[in-house]
Amino acid sequence: PSEITQRTGQPCRNVVLGVHRPNGERAWLSINTDTVLDETTGRPRLVVATFTDITTEVLAKAELERSRAHFERLINAAPGVVYQFRVTTDGTQTFPFTSARVQELLGVSPERLAADANLAWSRIHPDDVAAMRLSIENSGRTLEPWQHEF
C-alpha cells in the first residue's frame, strides 16, 4: 500500500495483509496510507502508513462463517420449514427467520415472508385461520411449543 500511495499519490484504505509472526503464527493487518504534502510545492513529500492488528476480528469472522454454514446445512437437512415467529405486545407479527424450504411450502421466499408476515396467513384456507390464530395465542400464553394441524 505504501508503494501504491507513493507512486499514485492516492491513499489506500483498509488493505488487509496476512503476515507471519516470529513464532510462525499468521497475523492479519489492516493498512491505511496517505501522503503528506510539501508545504512549499504542494506535491507529495512522504507517505504515512498505519497498521492495525485485526487478527482477532478476522479469525472471529472466519469462525462465524463456519458456524453459519454448519447451521445452514442442518436447517436444510431438516424436513419441513424451520422458522421463528414473533408476536409483539402491540400484536405485530413477524417471521425474523424462515428456512429456505418455505418457498416449497408456501411459494414465498424467506425474504418476502420476513418483510410481510401476512403472506403466510394468505396461504391458509379461510376455514382454518380462526383456529390457527387461537392455537398461536394459546401457545404464547402457556409458552408450550406451538403445534397445530390444519
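Up top is the structure.
Rules of the game
Residues numbered from 1 in each chain as written. Predicted model: local features only at pLDDT ≥ 70, side-chain atom pairs only at ≥ 80, totals over all residues. Heavy atoms only, no water. Helix = DSSP H or I, 4+ residues; strand = E, 2+ residues; numbered from the N terminus. Polar contact = N/O pair within 3.5 Å; in protein donor to acceptor, adjacent residues only side chain to side chain. Contact = heavy atoms within 4.5 Å. Expected span 1.5 Å × (residues − 1). Buried < 20%, exposed > 50% of the residue type's maximum accessible area, 1.4 Å probe, protein only. Arc of directions from axis to C-beta.

Quick look at the side chain of Thr-55 now. Residue position: Thr-55 is located in helix α2 (residues 55-77). Among the polar contacts listed, one links the side chain of Thr-55 to the side chain of Asp-53, at a separation of 2.6 Å. Excluding residues that lie within four positions of it along the chain, Thr-55 makes contacts with Arg-21, Arg-26, Ala-27 and Trp-28.

Quick look at unusual backbone geometry now. A positive phi angle, close to 50°, is found at Asn-14, a residue other than glycine. Of note, the phi angle at Leu-143 is positive, near 65°, even though the residue is not glycine. Relative to the elements of secondary structure, Leu-143 occurs in the segment after α6 (126-142).

What follows deals with α6. An α-helical turn contains 3.6 residues, so a residue and the one three or four places further along point in the same direction. The end-to-end C-alpha separation of α6 is 25 Å, in line with the 24 Å expected for 17 residues at 1.5 Å each. By the burial criterion, the buried members of α6 are Val-129, Met-132, Ser-135, Ile-136 and Ser-139. For α6, the arc enclosing every buried residue in end-on projection is 140°, short of the 170-degree limit, so these residues lie on one face. What points out from α6, more than 90 degrees from its buried face, is the exposed set Asp-127, Ala-130, Glu-137 and Arg-141. Considering only its buried residues, α6 is in contact with β4 (83-87) and α5 (118-122). Once α6 finishes, Leu-143 follows within two positions and takes phi at roughly 65°, a positive value.

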